[in-house]
Amino acid sequence: MYLFKYFEPARTDVIENSTIRLTQPVDFNDPFEFKPVVSSVATKEEHNRLFEEIIDAQVEEALAGYPLEVRSLIPKKQLVETTREFIKNNESSINSLFKNLGKEATRIFNEKSNELIGVLCLTEQKDNLLMWSHYADSHKGFCVKFDTSDSFFDSRRGDKDEFYHLREVNYLPERPNKTLINLSGIDLLLLKSDVWAYEKEWRFCGALNDSDVQIKIGASDIHLFKYPQRIVKEIILGVNATQELENKFKLIISENSGLSHVKLSKAKISETEYSLEFDDL
């Protein structure tokens, strides 16, 4: 499979240095990114189910801390029932606490994700007119075609790893509302409003502290990750790209043997449709 990424014309360093940014969510253009709605730690039903699953073991553990003589005076069954009664009598307070903890979990995740997580956003399309406008400086920039079948795009460290492999973004008509115990990596990393569905996005997430290069710009750090040159298959210049940009890419490719396989092309406006066509250079 091939996926694409659009760049502004100044970002020729992506090809020249074989490094690419994994971007913190705070720098995305969608303010809802990485802000899951966590209504509570658990619903009443979920809490009751979990309680029943662990109560016996918890009571056993609590009793084990007392001398045998004391344990004989506290029947396990009675302690379990007393605990159930306590929870029932304080249900309102527990629910309120759970809701507050849910809100706090949302805040903490959003805050920590900007410190810890970077995202490479790719698309299935090289000819999306809006994306050329939004992400490639009104068609003045370029678009890179990546071979995502390469092992670089699947270097996860285990079956449950949320990082270092490509996954497709899910677009939803409504913002999901989850409890904390049901929150998954997909809920945190891969959900967007369906108004963005035209982007046909795939994501490759990584840990910012794994970056190879860090650049300090204002209050934010830019985290760059090295990639193998073999994953770049084509560089497509925008309709409004300058001759200077074309010449620069020709020079970069000609001076780097690791890029000799890379195709260079340029978009042009269709004479009959609202679409783009592409010519080899």
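One can find the structure itself at the top, above this paragraph.
Right, let's walk through the structure included here. The shown structure was predicted, so the numbers you read here are calculated from the model rather than taken from an experiment. Throughout this description, residue numbers start from 1 for each chain and increase along the sequence as written. pLDDT decides what is reported in this predicted model: residues at 70 or higher carry local features, side-chain atom pairs at 80 or more are listed and counted, and totals for whole chains, interfaces and linings draw on all residues regardless. Where side-chain values are given, they derive from all heavy atoms of the structure, hydrogens and water being excluded.

**Focus on the overall build of the chain**
Quick reminder of the rule: Note on conventions: DSSP H or I runs of at least 4 residues are helices, E runs of at least 2 residues are strands, and numbering of each starts at the N terminus. Relative accessible area decides the class of each residue, using a 1.4 Å probe on protein chains only: under 20% of the type maximum gives buried, over 50% gives exposed, and in between gives partly exposed. In what follows, a contact means two residues having at least one pair of non-hydrogen atoms within 4.5 Å. Areas reported as accessible are Shrake-Rupley estimates using a 1.4 Å probe. Residue values count occlusion only from the protein chains shown.
Check the secondary structure of the chain and you find 8 helices and 15 strands. The 281 residues of the chain split such that 42% are buried. Long-range pairs, those at least 24 residues apart, make up 75% of the contacts in the chain between residues at least 6 apart in sequence. Carbon and sulfur atoms form 53% of the exposed surface of the chain, whose accessible area is close to 16000 Å².

**A look at the packing of aromatic side chains**
Which entries qualify depends on this criterion: Two aromatic rings, drawn from Phe, Tyr or Trp (for Trp, its six-membered ring), form a pair once their centres lie within 6.5 Å of each other, and the interplanar angle then sorts them: stacked below 30 degrees, edge-to-face above 60, tilted otherwise. By the criterion adopted, a ring carries a charge over it if an Arg CZ or a Lys NZ lies within 6 Å of its centre and within 35 degrees of its normal.
This model, assessed by the stated rule, comprises 11 aromatic pairs. Pairing Phe152 with Phe204 gives two aromatic rings, centres 5.6 Å apart and planes at 20°, and the pair type is stacked. Separated by 52 residues along the polypeptide, Phe152 in the loop between strand E5 (142-147) and strand E6 (166-168) and Phe204 in strand E10 (residues 201-207) bring together distant segments of the chain. In this structure, Phe152 and Phe204 share a single accessibility class: buried. Taken together, Phe146, Phe152, Phe153, Phe163, Tyr164, Phe204 and Tyr227 form an aromatic cluster joined through their ring pairs. Against the face of Phe7 rests Lys5, its NZ or CZ located 5.8 Å from the ring centre. Lying over the aromatic face of Tyr2, Lys145 brings its terminal NZ or CZ to 4.3 Å of the ring centre.

**Remarks on the pairing of strand E13 (residues 232-237)**
As a reminder, the rule being used: Paired strands, as defined in this entry, are two strands with at least two bridges between them according to DSSP. Convention used here: a crossover is right-handed provided that the path from the first strand, over the helix, to the second strand proceeds clockwise when the strands point away from the viewer.
A large share of E13 lies buried, amounting to 5 of its 6 residues. Both E5 and E13 contribute to a ladder of 5 bridges, which runs antiparallel. Residue pairing across strands places Cys143 opposite Ile236, the latter belonging to E13. With respect to chirality, the unit in which E13 leads through helix H8 (residues 243-254) into the neighbouring parallel strand E14 (residues 263-269) is right-handed.

**A closer look at the state of the cysteines**
Convention followed: Disulfide assignment relies on a single distance test, namely cysteine sulfur atoms paired within 2.5 Å.
All chains considered together, the criterion is met by 0 disulfides. Cys121 supplies the cysteine sulfur nearest to Cys205, a cysteine that is in no disulfide, at a spacing of 7.9 Å.

**Notes on the side chain of Glu246**
With respect to the element layout, Glu246 can be found in helix H8. Classification of Glu246 by relative accessible area gives buried; the value is 8%. If we skip the residues at most four places from it in the chain, Glu246 touches Leu237, Leu264, Lys266 and Leu281.

**Concerning the nonpolar core**
Selection criterion: Buried residues of nine kinds, namely Ala, Val, Leu, Ile, Met, Phe, Trp, Tyr and Cys, make up a nonpolar core once their side-chain atoms join them within 4.5 Å.
Ile15, Phe153, Val232, Ile235 and Phe249 are the most contacted members of the largest nonpolar core, which totals 42 residues. Among the secondary structure elements, those contributing two or more residues to this core are strand E1 (2-7), helix H1 (13-16), strand E4 (117-123), E5, helix H7 (185-189), E10, E13 and H8. With sequence-adjacent residues up to four places away left out, Ile235 is seen in contact with Ile15, Phe142, Cys143, Phe249, Ile253, Val262, Lys263, Leu264 and Ser265.

**Concerning the sheet that holds strand E2 (residues 19-21)**
Test applied: Axes here mean lines fitted to C-alpha atoms, for a helix over just the part in contact, with angles spanning 0 to 180 degrees between N-to-C directions.
One open sheet accounts for 3 strands, arranged E2-E12-E11; its pairing is antiparallel. In the strand order of this sheet, the two ends are held by E2 and strand E11 (213-217), each with one partner. With strand direction ignored, the average angle separating the axes of adjacent strands in the sheet is 30°. Pairing of E2 with strand E12 (residues 220-226) involves 3 bridges; the strand directions are antiparallel. For Thr19, the partnering residue across the bridge sits in E12 and is Lys226.

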